[in-house]
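# Understanding the architecture of this molecule
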Amino acid sequence: MNRVWRTWLALILFAVGTSLITPLIPIYKAQFGFGDTVVTLFLVCYVAALVPSMLVLGQLSDRIGRKGVLIGALAVLGLAQAFLATEPQLAGLLTARALQGLATGAFFGTCTAFLVEAAPVSDRAWVSVLSSISVRGGLGLGPGLGGVFAEYLPAPLRTPFLVHLGMIGIAVTIIAMLPETVTERTHRPLTLKLGVPPEDRAVFWRVLVPSGMLFSLFDGVCLSLIPVFQVRELHVTNYVLIGASGFLVLVSGAVSQVVFRHLPPTPAICWGLAIASCAFVGVVVGAPFGSPTLLLSSVAVTGAACGLVFKGGVDLCTRIAPPADRGKLISSYYVACYLGGFSIPLLVVGVLADLIGLTSALGVLTATAALASAWTALVGTRSIAFLRPFDADAH
């Protein structure tokens, strides 16, 4: 196995562990008796640590080398998994999620750079795409495996994390045996590399921010509240099916980016938002129809559509920004996605679920998302027409 595939394997082994907890949330909920608002905190705490880590610690590898940051992130993730394996109280669970977010923010960007640098120059374009798709796919494997472990192995709140500790050990061994790719260290101070060029701000605020918030919110709901919805409203008791919601929404999004890789940014965003808004109706009506199959099929289609929106957003960033500003714009887009979908809007859905019921809250989400998607597609995308002439291919 060459360097690229060994690095890729380490990336997958890491990604699996950060989402293992998804199908276990209903078990924690039954054990501690918390409401749906607290359910959303499992993601909010994760992202609250991930974003600053991504923006600051991701740069650290330019100064001390990729391997040091990667092994450090794996160590922090291992600490979180070991803590979760002790079956802590609610505060401990949320602390462990924050540790997972801290590790994730440092790991993914650094590992992507490490992966691309391990490839021959002629292969770096497709290796970069492979890394992006593999992050979402690896995150999707976590709920799938977590559901299998919870259903078929003893100690469902302990076994998944102990198994993943073994995976972390393998990943550390792989990284330790690979050569360092940063040979010239920089001593520049750490900075927050965010920024939107003035000429691109209309597109950023009218297209990239709302579309990124919407697809992330759909993802966030499927990774937090939908497992609870399956247990409470559909009376699902098989944890393989409970984990399938997180698996499907993420893996289908990775697959759609490959299948529709040549779709231009604007159609990808508009069609993705439209399909996600329509497909999520199937999730809501899964309760009155009592159909887990309808729910999971709808989650899969929603995830595939969200993958298109994300692909379109990243492609649009690369096309509208000059090379000097491209990295800052993409980082700003990532922050908009994470904070927009996994923070206050997700908490609002959780609060609504506690006030009016989970099915009604998901109905409100579906209607609101449909209106926001329509505005983005019909009004927001008009700003793309005012891009500089050499950006015309963004259409």
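Please refer to the structure higher up on the page.
How each quantity is defined
Sequence order as written defines the numbering, with residues in each chain counted from 1. Totals for whole chains, interfaces and linings use all residues, but because this is a predicted model, local features are given only for residues with pLDDT of at least 70 and pairs of side-chain atoms are given and counted only at 80 or more. Side-chain metrics in this entry use all non-hydrogen atoms of the structure; hydrogen atoms and water are not considered. Note on aromatic contacts: the rings of Phe and Tyr and the six-membered ring of Trp form a pair at centre separations within 6.5 Å, being stacked when their planes are under 30 degrees apart, edge-to-face when over 60 apart, and tilted otherwise. A run of DSSP states H or I qualifies as a helix once it reaches four residues; a run of E qualifies as a strand once it reaches two. Both are numbered from the N-terminal end. Classification of residues uses two cut-offs on accessible area relative to the type maximum, computed with a 1.4 Å probe and protein chains only: under 20% is buried, over 50% is exposed, and between them is partly exposed. Just to be clear on terms, a salt bridge is a Lys or Arg side-chain nitrogen sitting within 4 Å of an Asp or Glu carboxyl oxygen. Polar contact criterion, stated in full: a pair of N or O atoms within 3.5 Å, where within protein one must be able to donate a hydrogen and the other to accept it, and residues adjacent in sequence count only if both atoms are side-chain atoms. Contact between two residues is taken to exist if any of their heavy atoms lie within 4.5 Å; hydrogens are not considered. To estimate how far a helix should reach, multiply one less than its number of residues by 1.5 Å. Here the bend at a residue is taken as the angle between two axes, fitted respectively to the seven residues that end there and the seven that start there.

This part takes up the packing of aromatic side chains. Here a ring pair, both rings aromatic, is described through the centre-centre distance and the interplanar angle of the planes. A full pass over the atoms with the stated rule returns 13 aromatic pairs. Where Phe 14 meets Phe 107, the ring centres are 3.9 Å apart and the plane angle is 0°; that geometry is what we call stacked. Of this pair, Phe 14 sits in helix H1 (residues 3-18) while Phe 107 sits in helix H6 (residues 90-118), and the two are 93 residues apart along the sequence. Ring geometry for Phe 14 against Phe 108: centres 5.5 Å apart, planes inclined by 75°, an arrangement best described as edge-to-face. Of this pair, Phe 14 sits in helix H1 while Phe 108 sits in helix H6, and the two are 94 residues apart along the sequence. Each member of the pair Phe 14 and Phe 108 is classed as buried. Among the aromatic residues, those joined into a ring-pair cluster are Phe 215, Phe 310, Tyr 333 and Tyr 334.

Further remarks concern the environment of Cys 278. Among the secondary structure elements, Cys 278 is positioned in helix H11 (residues 265-289). Look at Cys 278 and you get exposed, because its relative accessible area is 57%. C-alpha separation for the pair Cys 278 and Ala 367, spaced 89 residues apart in sequence, amounts to 9.6 Å.

What the rule picks out here adds up to 6 salt bridges. Two residues, Glu 117 and Arg 66, come together in a salt bridge whose shortest N-O distance is 2.6 Å. Separated by 51 residues along the polypeptide, Glu 117 in helix H6 and Arg 66 in helix H5 (residues 66-84) bring together distant segments of the chain. Using a relative accessible area of 8% as the deciding quantity, one classes Arg 66 as buried. The partner of Arg 136 in a salt bridge is Asp 219, and the shortest N-O contact between them spans 3.0 Å. A residue pair is termed long-range when its members are at least 10 positions apart, and Arg 136 in helix H7 (residues 124-152) and Asp 219 in helix H9 (residues 201-233) qualify at 83 residues. The buried category is assigned to Asp 219, whose relative accessible area is 3%.

Time to look at the side chain of Ser 373. Summarising the element assignment, Ser 373 is placed in helix H15 (residues 358-378). Overall, the relative accessible area of 5% leaves Ser 373 in the buried class. Of the polar contacts made by the side chain of Ser 373, one reaches the side chain of Ser 277; its length is 3.1 Å. Among the polar contacts made by the side chain of Ser 373, one reaches the main-chain carbonyl oxygen of Ala 369 at a distance of 2.7 Å. Residues in contact with Ser 373, not counting those within four places in the same chain, are Leu 214, Leu 273 and Ser 277.

With that out of the way, let us pick up H6. With 29 residues, H6 should reach 42 Å at 1.5 Å per residue; the first-to-last C-alpha distance of 41 Å fits that figure. In the structure, H6 departs most strongly from a straight axis at Thr 104, where the bend amounts to approximately 25°.

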